[in-house]
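Listed below, chain by chain, are the residues.
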Amino acid sequence: MFELNAKQEMALSIVWMRQDQLPLDLTDLEITKHLVALRDSGMISMLTDMSNSTAYVEALCPAGREHYSRTRQARRRFKCISDSADELLNILCCDDNAKARQGPSYVSNREGDYRELSRNGLLKVDWADNIAYRVAIADDGWNYFEGWFLDQEVPVNINVSPVINNNVSNNPNISSSSSSSSTSSSTMNSTLAIQMVLELELNEEDRNVALGAIADLDKSSKGDDKKDFLEKVEKLSAIAKNVGPLASIVIPLIEVAIKQFLGN
């Protein structure tokens, strides 16, 4: 995606997940060729030998961080999963047997990631003694990995021009309305909310928590469990209270979710 091939994206995700351990020798992972391509693109700093057979990664460069963040933001619009699950899916899709009947090779000690990918419809997993013993990449998994979903996206234009209603009443329940970084409840939906959250300058933890809460609310609003729905509303409201910039997105989204839930 975005000028890197699939295996280079996989290599970058591996470096990202190990950046706190750098410098680190990654020769044993047998991805040196792809790491060299990242080095030549200015995305990582790496030492290697004359034959490019060893890979001693020194640091993740700003260009690598920017590319990784851009790719993850795009993928989150399709499926919101953790960085760790994203890395595992990249590894599995790059396995030579990924498209064969036996499926990709098993990666040990990643059961949590296997479950997350299965839960999000990216993997088909058969379990035995709590271990993923048979795995196949689902259609959505290939869609996510290859970036085909980008061709299906419809651009969303967000009106950022201030809109002020001059018909102000003395009624305290009626106030002027303005919109700068938000949108009205008549046009808000979970997809737009996710895109707007991704455009905010939030730390990764706050962003992931908010995206997860939005997805949970959207799912609950389509059901008929009142208790669960109210819990999801309260959870998202609490997140917005603690992360100020989210309020202008969350308030109209909750209005839409309530209307959708009551209409079920």
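Quick word on the overall build of the protein
Consideration 1: Looking only at helices and strands, one finds 10 helices and five strands in the protein.
Consideration 2: A total of 264 residues make up the protein; the buried ones form 41% of that total.
Consideration 3: For the protein, the proportion of contacts with a sequence separation of at least 24, taken over those separated by at least 6, is 55%.
Consideration 4: For the protein, the exposed area adds up to about 15,000 Å²; of that, 48% sits on carbon and sulfur atoms.

Brief notes about unusual backbone geometry
Consideration 1: Going from Leu22 to Pro23, the amide bond is cis rather than trans, its omega being 0 degrees.
Consideration 2: Secondary-structure assignment places Pro23 in the loop between α1 (6-17) and β1 (24-25).
Consideration 3: Look at Asn52: it is not a glycine, yet its phi comes out positive at around 55 degrees.
Consideration 4: You can see Asn52 is positioned in the loop between β2 (44-47) and β3 (56-60).
Consideration 5: On the accessibility criterion, Asn52 (34% relative accessible area) is partly exposed.

Side note on the layout of surface pockets
Consideration 1: Quantified by volume, the largest pocket comes out at close to 670 Å³.
Consideration 2: Lining the largest pocket are 21 residues; nearest its centre among them are Lys79, Cys80, Asn120, Ala215 and Asp216.
Consideration 3: Among the elements of the structure, α3 (62-78), α5 (111-119), α7 (190-199) and α8 (204-221) are those that each provide at least two residues to the lining of the largest pocket.
Consideration 4: The leading source of residues in the lining of the largest pocket is α8, at eight residues.
Consideration 5: Broken down by class, the residue content of the lining of the largest pocket amounts to seven nonpolar, six polar and eight charged.

Thoughts on the sheet that holds β1
Consideration 1: Spatially, the three strands line up as an open sheet ordered β1-β3-β2, and their pairing is antiparallel. Either end of the sheet is taken by a strand with one partner, and the two such strands are β1 and β2.
Consideration 2: As paired elements, β2 and β3 share four bridges and run antiparallel to each other. Paired with Ser45 across the two strands is Ala59, which belongs to β3.
Consideration 3: Across the sheet, helix α2 (residues 32-40) is in contact with β2 and β3; its angle to β2 comes to roughly 125 degrees.

Quick look at the side chain of Arg76
Consideration 1: Relative to the helices and strands, Arg76 resides in helix α3.
Consideration 2: Judged by relative accessible area, Arg76 falls into the buried class, the value being 6%.
Consideration 3: When neighbours within four sequence positions are excluded, Arg76 is seen to be in contact with Ile81, Asp83, Ile194, Leu198, Glu204, Arg207, Asn208 and Leu211.

Overview of the confidence of the model for the protein
Consideration 1: With 86% of its residues at a pLDDT of 70 or more, the protein has an overall mean of 83.
Consideration 2: Segment residues 154-182: pLDDT under 50, and 25 contacts once partners within four positions in sequence are set aside and those in other chains are kept.

Concerning α5
Consideration 1: Within α5, the full set of buried residues consists of Glu111, Asp113, Tyr114, Glu116 and Leu117.
Consideration 2: At its buried positions, α5 is contacted by α4 (83-93), β4 (123-128) and β5 (131-137).
Consideration 3: Following α5 by one or two positions, Gly121 has its phi on the positive side, about 75 degrees.

Some words on the packing of α1 against α2
Consideration 1: Remark: α1 packs on α2, axes separated minimally by 9 Å, with the N-to-C direction vectors making an angle of 85 degrees. Viewed along their axes, α1 and α2 adopt a mutual orientation that is roughly perpendicular. Touching Lys7, Gln8, Met10, Ala11, Leu12 and Val15 of α1 are His34, Leu35, Ala37 and Leu38, all from α2.

A few points about the pattern of salt bridges
Consideration 1: As enumerated under the stated definition, the model contains 13 salt bridges in all.
Consideration 2: Two residues, Asp40 and Arg39, come together in a salt bridge whose shortest N-O distance is 3.1 Å.
Consideration 3: Its relative accessible area of 56% is what places Asp40 among the exposed residues.
Consideration 4: Note on Arg39: relative accessible area 27%, which makes it partly exposed.
Consideration 5: Among the ionic pairs, Lys222 bridges to Asp218, the shortest N-O distance being 3.2 Å.

Observations concerning the state of the cysteines
Consideration 1: Across all of its chains, the model carries zero disulfides by this definition.
Consideration 2: Cysteine Cys94 remains unbridged, with the sulfur of Cys93 as its closest cysteine sulfur at 6.9 Å.
Consideration 3: A relative accessible area of 13% means that Cys94 is categorised as buried.

The rules behind these values
Residues numbered from 1 in each chain as written. Predicted model: local features only at pLDDT ≥ 70, side-chain atom pairs only at ≥ 80, totals over all residues. Heavy atoms only, no water. Helix = DSSP H or I, 4+ residues; strand = E, 2+ residues; numbered from the N terminus. Buried < 20%, exposed > 50% of the residue type's maximum accessible area, 1.4 Å probe, protein only. Contact = heavy atoms within 4.5 Å. Areas by Shrake-Rupley, 256 points an atom, 1.4 Å probe, with all protein chains shown as cover. 1 Å grid on protein atoms, 1.4 Å probe; cavity = no way out; pocket = protein on both sides within 12 Å on 5 of 7 lines; lining within 4 Å. Points joined across faces, edges and corners; volume = space filled by probe spheres on them. Nonpolar A, V, L, I, M, F, W, Y, C, P; charged D, E, K, R; others polar. Pairing = 2+ DSSP bridges. Axes fitted to C-alpha atoms, helices over the stretch in contact; angles between N-to-C directions. pLDDT = per-residue confidence, 0-100. Parallel < 35°, antiparallel > 145°, perpendicular 65-115°, else oblique. Salt bridge = Lys/Arg side-chain N within 4 Å of Asp/Glu carboxyl O. Disulfide = S-S within 2.5 Å.

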